[in-house]
Amino acid sequence: MAPGSTRPTSRDVAQAAGVSQAAVSLVLGDKWRGRVSQATAERVREAARDLGYRPNLAARNLRLGRTRTVLLVVPALTTEFFAGVYTGAARVAADHGFGVVLYPSPEGIGPARDPFASAQAALDGVIASSMAADALTAIRGDQLPLVMLDSDPKGSLGAATVNLDITDGVRQVAEHLLGLGHRHFLHLAADVASWTFEVRAHELAARVGAVPDTSVRTTRAPISIEGALTAAEAALSAPGPRPTALVCDDDKLAAGAYKAARRLGLRIPDDISVTGLDDLALATALDPELTTVRLDAELFGERGMEALLAVLEGRVPDAGDIPVHLVVRGSTAPPGAP
């Protein structure tokens, strides 16, 4: 360490590792691949650890013209799902010396005020849920390196998209209910203009429609328990044969459906089976516990941040949707089960 210095410098690390300061910058900036050897990179990291060296991020950011700050734009935080997305994104960001600013669109969906005088100057990139895509216009986030979550890969604003395999999740729900013997379905659909909900409706109709003598009716509701209660009660009270299975676009809608069923004197799952999608904590608070599709929110956030880092470094992000799986609990049974 330099005489009289209380804090180790990159020059100290370079001397300890027997390399140049430029090599230290490459390794600790995670830009060494193809420029220094693996052995050299390990030697530099070991020297930095031994010396307790921490890069001066403020000075480095000033030199690079980068803030190492990412904005995560999500709908209003009405469930823990997007909190999990933030947790995953922030964990990966911290491992790479980045910070994540969480920006929930105040109205849930739609335009939002710019939280910065200039997003371009304050941020290195943006990760955004398709459910809050309109907010990007207000903050001019679509002019920055952008990764879209839950977004149509064919028509996304972003440089990359990261998706959960919602299609497969709905397939699992449909096959589970069809396998139990259900033929008449009510789809309690989120009244939100978003690709992820379009996927759910399309896949449910396709899977059920492939089986003879089946039907799917759709009713829409805002993503709230009260909104779902109102919509489900009206749909279940409508004239004609009552559906035996109620497929909900998310767990909050399912909670509203539970209340509607009870108001109408219907027992779950004896008179009607109910499914959700998310596997929030709410799913096991309901009685009976809710059959739903588990979405790994933290992994979703991790993959979103990893994709943005790849975009910032000029790499192609990893492809492939994140697997989801059905969790069967007490809210589904064969139709007319005693």
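Fair warning: this is a prediction, and the values are worked out from it, not measured in the lab.

Caption draft 1: Seen up close, the nonpolar core. With 42 residues, the main nonpolar core has Phe-81, Val-85, Leu-164, Leu-295, Phe-300 and Met-305 as its most contacted residues. Counting only elements with at least two residues in this core, the list comes to β1 (69-74), α5 (81-95), β4 (146-149), β5 (160-162), α8 (166-180), α9 (195-209), β8 (245-248) and α13 (297-312). Beyond its immediate sequence surroundings of up to four residues, Met-305 is in contact with Val-70, Ala-89, Val-92, Ala-93, Phe-98, Val-100 and Ile-127. Core analysis: the second largest hydrophobic core is formed by 28 residues, Leu-186, Phe-197, Leu-229 and Ile-268 among them.

Caption draft 2: Spatial organisation of the pattern of salt bridges. Overall, the coordinates contain 15 salt bridges when judged by the stated rule. For the salt bridge of Glu-203 with Arg-207, the shortest nitrogen-to-oxygen distance reads 2.7 Å. Placement of both Glu-203 and Arg-207 in helix α9 is noted, with a separation of four residues, approximately one turn of the helix. In this structure Glu-203 comes out as buried when scored by relative accessible area, which is 8%. Judged by relative accessible area, Arg-207 falls into the partly exposed class, the value being 33%. In this structure, Asp-271 engages Arg-267 in a salt bridge whose closest nitrogen and oxygen atoms are separated by 3.1 Å. Assessed through its relative accessible area of 22%, Asp-271 is described here as partly exposed. Take Arg-267: its relative accessible area is 48%, and that puts it in the partly exposed class.

Caption draft 3: Region of the structure containing the confidence of the model for the protein chain. Averaged over all residues, the pLDDT of the protein chain equals 85, while 82% of them reach at least 70. Counting contacts from residues 57-65, a segment whose pLDDT is below 50, to residues more than four positions away or on other chains yields eight contacts. Taken as a whole, residues 108-112 scores under 50 in pLDDT and shows 17 contacts with residues more than four places along the chain or in a different chain.

Caption draft 4: Local environment of helix α10 (residues 225-236). The end-to-end C-alpha separation of α10 is 16 Å, in line with the 16 Å expected for 12 residues at 1.5 Å each. Contacts made by the buried residues of α10 are with β6 (184-190), β7 (215-221), β8 and α11 (251-263).

Caption draft 5: Representation of the pairing of β4 within the structure. Here β4 shows a buried face lined by Leu-146 and Met-148 and a second buried face lined by Val-147 and Leu-149. Strand direction decides the pairing type here: β4 and β5, joined by three bridges, are parallel. Residue Met-148 lies in a different strand from β5, and its bridge partner there is Thr-161.

Criteria and thresholds
Residues numbered from 1 in each chain as written. Predicted model: local features only at pLDDT ≥ 70, side-chain atom pairs only at ≥ 80, totals over all residues. Heavy atoms only, no water. Core = buried A, V, L, I, M, F, W, Y, C linked by side-chain atoms within 4.5 Å. Buried < 20%, exposed > 50% of the residue type's maximum accessible area, 1.4 Å probe, protein only. Helix = DSSP H or I, 4+ residues; strand = E, 2+ residues; numbered from the N terminus. Contact = heavy atoms within 4.5 Å. Salt bridge = Lys/Arg side-chain N within 4 Å of Asp/Glu carboxyl O. pLDDT = per-residue confidence, 0-100. Expected span 1.5 Å × (residues − 1). Pairing = 2+ DSSP bridges.

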